[in-house]
Amino acid sequence: MDDSLFFTDQHLQVREMVRDFARTEIAPIARQHDAEARFPWTTVKRMADLGMLGVPWPEELGGAGMDYLSYILTVHELARVDASHSITCSAHTTLGTSPIMDFGTEEQKRRFVPYLAAGKVLGGFGLTEPGAGSDAGGTATMAVDKGDHYVLNGSKIFITHAGVGEIFIVTARTTPGHGNKGITAFIVCKPTVDAEAAAAVGTGHAPDLPWTRGVSAGKKEDKMGWRASDTRELHFEDAVVPREQVLGEVGKGFVQFLKTLDSGRIGVAALCLGLAEGAYDEARKYASQRKQFGRYIAGFQGVSFALADMATEIEAGRLLTYHAAWLKQHGKPHKLEAAQAKLYCSELAMRTTIKAVQVHGGYGYTTDYPVERMMRDAKVGEIGEGTSEIQRLVIAREILGDVVEG
Amino acid sequence: MKIAVCIKRVPDTETRVKIAADGASLDESGVKFIMSPYDEYAVEEALQRRDKAGGGEVVAVALGPDAAQETLRAALAMGADRGVLLKAERIPADALAVAKALAAELKDGGYDLVLFGKMAVDDYHHAVGPMVAELLGLPCVTAVSKLELEGGKGVAEREIEGGVEVVEFALPAVLTAEKGLNTPRYPALKGIMAAKKKPLEVKPPALGEVRVVAAALALPPERKAGRILGEGPDVVPELVRLLRTEAKVL
Ligand SMILES: Cc1cc2nc3c(=O)[nH]c(=O)nc-3n(C[C@H](O)[C@H](O)[C@H](O)COP(=O)(O)OP(=O)(O)OC[C@H]3O[C@@H](n4cnc5c(N)ncnc54)[C@H](O)[C@@H]3O)c2cc1C
């Protein structure tokens, strides 16, 4: 893809900076954080200072004031080196902040976005429940209207940043039954579980947030990949949420999260694209250095054709991803293109990382090379923010209409 | 404090060098260009000095082709206040010609400090900074790895063979930066946004007469593959013998 197709000089400057930061600051620590499943507070603080936690939000609200493509470039470049850092940026921005920007009242934006856009605290999005995954309309968390406040009871699962984060958009049922119109989104705040680490680096905790009594983080998941990202349950026990923390309007939660996920998929596509590219970079480098049978293994057709396929598919993924991002940036419909980009790139990341391990032979199976981590990190791309099956469902509905059953 | 920092656009250090058809220049197709890494230390030092002094101006100056505007934008994104491009199709191989153009630009600028990288990583001249100092009649300290400024005076440390040399000098002065002088910052996204709106002046350089030209470029001979003699103490005598007789390094 020619850079001038979607990018200005400024985009290239952003790409250069993030690339340089990722290679210099993140690459040396990624393995250790993965092994210890430890949230990378030090580098996250630096990302906050550099503006990477609020790329597309206006400067008045603490953001970097850049465009959506700059944000997607950031997610992409981070993932070339480490998917955990990339999902931190992506989940915080698209899931944790964009719902407030897109659906919040002016007062809600003014009150909550500056903390998030400047990276003073991390944000998250609580939709999935033990009994409501792909079928997120099956939300069972209840919110009972008490006049000036709601009382929430229930549990969310697999919530990115549930432990380390402080501001969350969560969905709950305000009308009993299964109807999609009965779902409402709320803004809730709970203190980070890593108070000490946050204090040490100087980001991650804002003492003056309006804490929501009764909201707490639950068990931390021990995951296959994205191990330096924090994934936990989020519990509500008679949680008291003031009425002014209803996100936008009552009963709009379902439509809101569908829209959030439509755009979120472009972020996951960019993350998966970055992973694929990172694994390909490693494989190409290794194949040009490793000798067997007296020659570089890149010289064997069995290896060179694999690299050729990787390069070609990555190019396709790049066009799908940046085209979807371009559509969103220009306010054009992008539901279909975002789902296609996410579906293609997540499967691309899986194929490419598996192949990259293969190119490395036995060395690729050890933690001395990053490709085994990349392979583990790739799998969740086919699951999070809508599984590949759900992407196919979305795409099928877009191209075939109502004949497709839900 | 008013500081000028002279920066050069050079090929990325990871470039796979190809020689152009004329046999005397780099084939620039597909080559990525960056700010010479030593110049990054100079920019960072300039920014820190300005901020420590509680104000002033950092002016980034580059001599080079139009594309060197990118290099200047990078300095502006880091925090420099304005940029000056002395636009030349090619950067002459004659360091003195370049130094004369820079000195002409800096002469009446009223700078307290003029900073350079200790060398450009493409031509390794180590020359332009000291030459500019000479042309401006200013004291010059090269390869500075630590710097203190107090009043109109400065103390700099230079790493020399086997030790550290401490030198004192009066301001204004010309300094060239060594690795380790500081940790250059990444340009924050806000800095990249702000850089767009900062002034960048493009003008012709008052180049000196070019009396040195690059006549030819050649790649170093390819390194021969190493040989592994074996493992363990048993092979040491053979290794020593070969180092003496074949490699002739002992
Ligand atoms: C690391 C990680 C981070 C996450 N972060 C968040 C977060 O921040 N916020 C949040 O709300 N959620 C988050 N999730 C949850 C994620 O979005 C869900 O796991 C995902 O939507 C799938 O839901 P499920 O796990 O309940 O699987 P299920 O929905 O139970 O699906 C199981 C299988 O059935 C298939 N299936 C289901 N329905 C259909 C159908 N109609 N047709 C065909 N196949 C179908 C699925 O594709 C899948 O293969 C995260 C998950 C992980 C692993």
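Report follows, based on the coordinates. (Residues numbered from 1 in each chain as written. Chains lettered and ligands numbered in written order. Predicted model: local features only at pLDDT ≥ 70, side-chain atom pairs only at ≥ 80, totals over all residues. Heavy atoms only, no water.)

### Some details on the overall build of chain B
Note the following rule: Only runs of H or I of at least four residues qualify as helices and only runs of E of at least two qualify as strands under DSSP, and these elements are numbered from the N terminus. For every residue, the accessible area obtained with a 1.4 Å probe (protein chains only) is divided by the maximum for its type, and the residue is called buried under 20%, exposed over 50%, and partly exposed between those limits. Surface accessibility follows the Shrake-Rupley procedure with a 1.4 Å probe radius. Residue values consider only the protein chains on display as shielding. Residues scored as charged are limited to Lys and Arg (positive) and Asp and Glu (negative), so that His and the chain ends carry no count. Here the site of a charge means NZ on Lys, CZ on Arg, CG on Asp, or CD on Glu.
Of regular secondary structure, chain B possesses six helices and eleven strands. Split into buried and exposed, the 250 residues of chain B put 43% on the buried side. Only carbon and sulfur atoms are counted for the fraction: they give 52% of the accessible area of chain B, which is about 13700 Å². Within chain B, the 37 negative side-chain charges are centred at a point lying 2 Å from the centre of the 33 positive side-chain charges.

### Observations regarding the environment of Asp 102 of chain A
Residue placement: Asp 102 of chain A occurs in helix 4 (residues 83-103). For the pair Asp 102 of chain A and Leu 247 of chain A, spaced 145 residues apart in the sequence, the C-alpha separation amounts to 9.8 Å.

### A short note on the site of the ligand
All names here are of chain A. Short version of the rule: A single heavy atom is enough: if one lies within 4 Å of a molecule or strand, its residue is considered near that molecule or strand. We define a polar contact as two N or O atoms separated by no more than 3.5 Å, with the added condition that, inside protein, one atom must be a possible hydrogen donor and the other a possible acceptor, whereas residues neighbouring each other in sequence contribute only through side-chain atom pairs.
In the region of the ligand, 16 residues are neighbours, and Thr 128, Ser 134, Phe 158, Thr 387 and Glu 389 sit closest. Residue Thr 128 places a side-chain N or O atom 2.7 Å away from a nitrogen atom belonging to the ligand. Ser 134 has a polar side-chain atom sitting 2.6 Å from an oxygen atom of the ligand. Burial of the ligand by the surrounding chains reaches 65%, relative to a free accessible area of 980 Å².

### Brief notes about the pattern of salt bridges
This is how the line gets drawn: Salt bridges are identified by distance alone: a Lys or Arg side-chain nitrogen within 4 Å of an Asp or Glu carboxyl oxygen.
Enumeration according to the criterion identifies 46 salt bridges over all chains in this entry. Salt-bridge contacts for Arg 373 of chain A lead to Asp 377 of chain A; the nearest nitrogen and oxygen are separated by 4.0 Å. A residue pair is termed a helical-turn pair when its members lie 3 or 4 positions apart in one helix, as Arg 373 of chain A and Asp 377 of chain A do in helix 10 (residues 371-379) at four residues. According to the relative accessible area criterion, Asp 377 of chain A is buried, its value standing at 2%. Its salt-bridge partner being Lys 107 of chain B, residue Asp 108 of chain B comes within 3.9 Å of it at the nearest N-O pair. There is no split in this pair, since Asp 108 of chain B and Lys 107 of chain B are both exposed. Each of the salt bridges in this network shares a partner with another, and the network as a whole consists of Arg 19, Glu 77, Arg 80, Glu 277, Asp 281, Glu 315 and Arg 318 of chain A.

### Section: a nonpolar patch on the surface
Put simply, the rule reads: To count toward a patch, a residue needs a relative accessible area over 30% and no salt bridge; like charges are then connected within 9 Å, while nonpolar side chains (Val, Leu, Ile, Met, Phe, Trp, Tyr) are connected within 5 Å.
A surface patch of nonpolar side chains, amounting to about 340 Å² of accessible area, comprises Ile 399, Leu 400 and Val 403 of chain A. Take Val 403 of chain A: it is sitting in the segment after helix 11 (388-400).

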